Amino acid sequence: MKEVNPKETSRGQQFEIWKNAPNPMLIFVKKMDVTNLVRISKKRHLKFNMLLDYCIGKAAIGQKEFYLLPVGKKLMQFDNIAVNTMVKNHLGEVSSCDIAFNGDLDCYNSDYLKYTAEVAQSCVDRDL
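The model shown is predicted, which means the values in this text are computed figures rather than measured ones.

1. Section: the overall build of the protein chain
From N to C terminus, the protein chain includes four helices and five strands. Each helix and strand of the protein chain, ordered N terminal to C terminal, gives the series β-α-α-α-β-β-β-β-α. Projected onto its principal axes, the C-alpha positions of the protein chain cover 45 × 35 × 25 Å. Relative to its full complement of 128 residues, the protein chain shows a buried share of 32%. A sequence separation of at least 24 residues applies to 56% of the contacts in the protein chain between residues at least 6 apart. Accessible surface, the protein chain: about 9,100 Å² in total, of which carbon and sulfur atoms supply 54%. Both charge centroids of the protein chain, one from 18 positive and one from 15 negative side chains, sit 6 Å from each other.

2. Details of the nonpolar core
Counting 19 residues, the largest nonpolar core has Met50, Leu51, Tyr54, Cys97, Phe101, Leu105 and Tyr108 as the members making the most contacts within it. Counting residues per element, the ones that place at least two in this core are α3 (48-60), β4 (81-88), β5 (94-101) and α4 (105-122). A per-element tally of this core places α4 first, with six residues. Apart from the residues lying within four places of it in its own chain, the contact partners of Tyr108 are Met50, Asp53, Tyr54, Val83, Ile99, Ala100 and Phe101.

3. Quick notes on α4
Because an α-helix packs 3.6 residues into every turn, residues spaced three or four apart end up facing the same way. Relative to the 26 Å expected for 18 residues at 1.5 Å per residue, α4 spans 25 Å between its end C-alpha atoms, a close match to the ideal helical length. Burial in α4 covers these residues: Leu105, Tyr108, Asn109, Tyr112, Tyr115, Thr116, Val119 and Ala120. Each buried residue of α4 lies within a common arc of 155° when the element is viewed along its axis, so the set occupies one face. Across α4 from its buried face, at more than 90 degrees, point the exposed residues Asp106 and Gln121. If you follow the buried residues of α4, they end up packed against α2 (35-44), α3, β4 and β5. Between a side-chain oxygen at the N-terminus of α4 and the backbone nitrogen of Asp106 the separation is 3.3 Å; the capping residue is Asp104.

4. Quick look at the environment of Met86
You can see Met86 is positioned in strand β4. With a relative accessible area of 53%, Met86 lands in the exposed category. Sequence spacing of Met86 and Val119 is 33 residues, and the spatial spacing of their C-alpha atoms is 9.5 Å. Each residue touching Met86, except ones within four places of it in the same chain, is listed here: Val94, Ser95 and Ser96.

Definitions and limits used
Residues numbered from 1 in each chain as written. Predicted model: local features only at pLDDT ≥ 70, side-chain atom pairs only at ≥ 80, totals over all residues. Heavy atoms only, no water. Helix = DSSP H or I, 4+ residues; strand = E, 2+ residues; numbered from the N terminus. Buried < 20%, exposed > 50% of the residue type's maximum accessible area, 1.4 Å probe, protein only. Contact = heavy atoms within 4.5 Å. Areas by Shrake-Rupley, 256 points an atom, 1.4 Å probe, with all protein chains shown as cover. Lys, Arg positive; Asp, Glu negative; His and termini not counted. Charge placed at Lys NZ, Arg CZ, Asp CG, Glu CD. Core = buried A, V, L, I, M, F, W, Y, C linked by side-chain atoms within 4.5 Å. Expected span 1.5 Å × (residues − 1). Arc of directions from axis to C-beta. Polar contact = N/O pair within 3.5 Å; in protein donor to acceptor, adjacent residues only side chain to side chain.

What is shown is where atoms sit, not what they do.
What follows is the structure, encoded as structure tokens:
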């Protein structure tokens, strides 16, 4: 990662808001038909939530803005992105789990299963 000048990016205005936020994030709300994901999940024996997260990562990986995030009072440009998912841990609470994303479904599935299981058992958030 490297520091970038917010004024030289498309995220300059957002950075002014984010830099003082305790936990900056983006939230999208959209009604979607996930029928095909349900079919793929059943046919290939893959977790539905993993496939949904994978689709989010696949959409985000091509957007340069998703590589720019505030770190402290600086705007940093990352080389890679991660998809965050919430995991119900063994205490019945929710933990956060970041999973690196490179676009490879088999790799992402393997990492998803590994890291969500670890977070569920340990109750410790996995932040990249």
